[in-house]
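# Understanding the architecture of this molecule
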Amino acid sequence: MSPLCGDNRVKILVPSYFAQHYRNQMEKDCPQVEVISFKLRERRSVFSQQRSYDFGIDEPGSLADKEEARICVAPTELTFDASVFLTRSLPELRWIHSTQTGIDHLLTDEVRRRNILVTASHVCSSAMAEYVLAMILAAIKGFRTHLELQKTGEWKFVVSRMLKGLRVGVIGLGRIGQAVVGRLKANAMEVWGWNRSKPSLKELDRYFPAEREGLRKLCSECDVIVIALPLTEQTRHLLDEEILDGMKPDAWLINVSRGGIVDEEALSWRLKNQRLGGACLDVVEDQSKSVLEQLAQLDNVFITYHSSFYFPEYNQAVCEDFVGKLKCYLAGRPVPDRVDVQRGY
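Presented here is an overview of the structure given in this document. (Residues numbered from 1 in each chain as written. Predicted model: local features only at pLDDT ≥ 70, side-chain atom pairs only at ≥ 80, totals over all residues. Heavy atoms only, no water.)

Our focus in this paragraph is helix α7 (residues 175–186). If you check α7, its first and last C-alpha atoms are 17 Å apart, about what twelve residues at 1.5 Å a residue would give, namely 16 Å. Looking only at α7, the buried set comprises I176, G177, A179, V180, V181 and L184. On its buried face, α7 sits against α5 (125–140), β8 (167–171), β9 (190–195) and β11 (224–227). A positive backbone phi angle near 65° is found at A188, which sits one or two residues after α7. (Helix = DSSP H or I, 4+ residues; strand = E, 2+ residues; numbered from the N terminus. Expected span 1.5 Å × (residues − 1). Buried < 20%, exposed > 50% of the residue type's maximum accessible area, 1.4 Å probe, protein only. Contact = heavy atoms within 4.5 Å.)

Encoded structure:
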């Protein structure tokens, strides 16, 4: 059944920096929808450093308008604690849409208890696959070495590996993982995959079901490991000391999913002591931890600020993706890309 009743307008909360863009799109495609901008304000206790949140008072629209919102477009920077505040503050909330693929920060107890619909945007798979390819090239072609030589003015010959025949293990074969596999095979690499279920990927050279033994074998025999898994209780620190110890001493690790999937302290120690070839990290578990500072100082590490998904047309693509889902929701049809809030992906 359609959520529309009579002449009531459906109110959606949209981050303030997106709001006008979404209003323009709604006027054209979904005039029965009212866009309400919001911005969460973070407060910290002077003594305990505990965080609390409220709606910014400088935002247009009354608190009552926000409380009547049935849909919320979640900003990329939303934290888990902010999600807890948001879901508790919106009694009419029926649907949260993530503007990115990752949704672990949205899965609060309140969301599970109320069975709130959670969807994710998947417009960034190609961009992230290209990022992975770029990082593999940066690693095996010695880009860091070339830059250092350029800084010192040295003219020195550098030997580098070829992509052809490079064995890459992709952990997680969802949309991003599958896009990565396609890019790698197009460049003559051998690709192994590890996933809960076997996808219909003809390009995959070898598949391992999501078991510990298969993970050990994949990580011990591949030249590059790419992490493209969602973060759940089952995948947190999946790549722990044991798995990292089993990797080739010259292997590279590329993480484009969630920092919490890797034990970063164990990773930092192994990189610092030349037990691994290097790492390309677009995500870290905690940006405030000293381990990040340690990683950033290493010559065999590339760190980017969660940028693998972003491209110039991203905001427009995300908006169009949301509008497509919204039309299904308003018509009472199944909404695509629904997340199983109990399983976490």
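Still to come is the rest of the account.
Tallied over the entire structure, the rule returns 22 salt bridges. A salt bridge links R94 to E92; the shortest N-O distance between them is 3.6 Å. A salt bridge links E221 to K217, with the shortest nitrogen-to-oxygen separation between them at 2.5 Å. Pair noted here: E221 and K217 are both in helix α8 (residues 212–221), with a separation of four residues, about one helical turn. For E221, a relative accessible area of 24% puts it in the partly exposed group. (Salt bridge = Lys/Arg side-chain N within 4 Å of Asp/Glu carboxyl O.)

This part takes up the sheet that holds strand β14 (residues 301–303). Reading across the sheet, the seven strands line up as β10-β9-β8-β11-β12-β13-β14 and stay open at both edges, with parallel pairing between neighbours. Looking at the sheet topology across the chains shown, the edges are occupied by β10 (206–209) and β14. The sheet shows a mean angle of 15° between the axes of neighbouring strands, direction not considered. Here four bridges tie β9 to β10, and the two strands are oriented parallel to one another. Residue pairing across strands places W192 opposite R206, the latter belonging to β10. Taken strand by strand, α8 contacts β8, β9, β10 and β11, and its axis lies near 155° from that of β9. (Pairing = 2+ DSSP bridges. Axes fitted to C-alpha atoms, helices over the stretch in contact; angles between N-to-C directions.)

Contact geometry for α5 and α7: axes closest at 8 Å, N-to-C directions at 50°. Relative to α7, the element α5 lies oblique. In this structure, the crossing between α5 and α7 has a hand that is right-handed. Counting all contacts with α5, which are made through S125, S126, M128, A129, E130, V132 and I136, the residues of α7 involved are R175, I176, A179, V180, R183 and L184. Of the residues assigned to the contact of α5 with α7, the class counts are eight nonpolar, two polar and three charged. (Parallel < 35°, antiparallel > 145°, perpendicular 65-115°, else oblique. Left-handed = near helix turned anticlockwise from the far one by under 90°. Nonpolar A, V, L, I, M, F, W, Y, C, P; charged D, E, K, R; others polar.)

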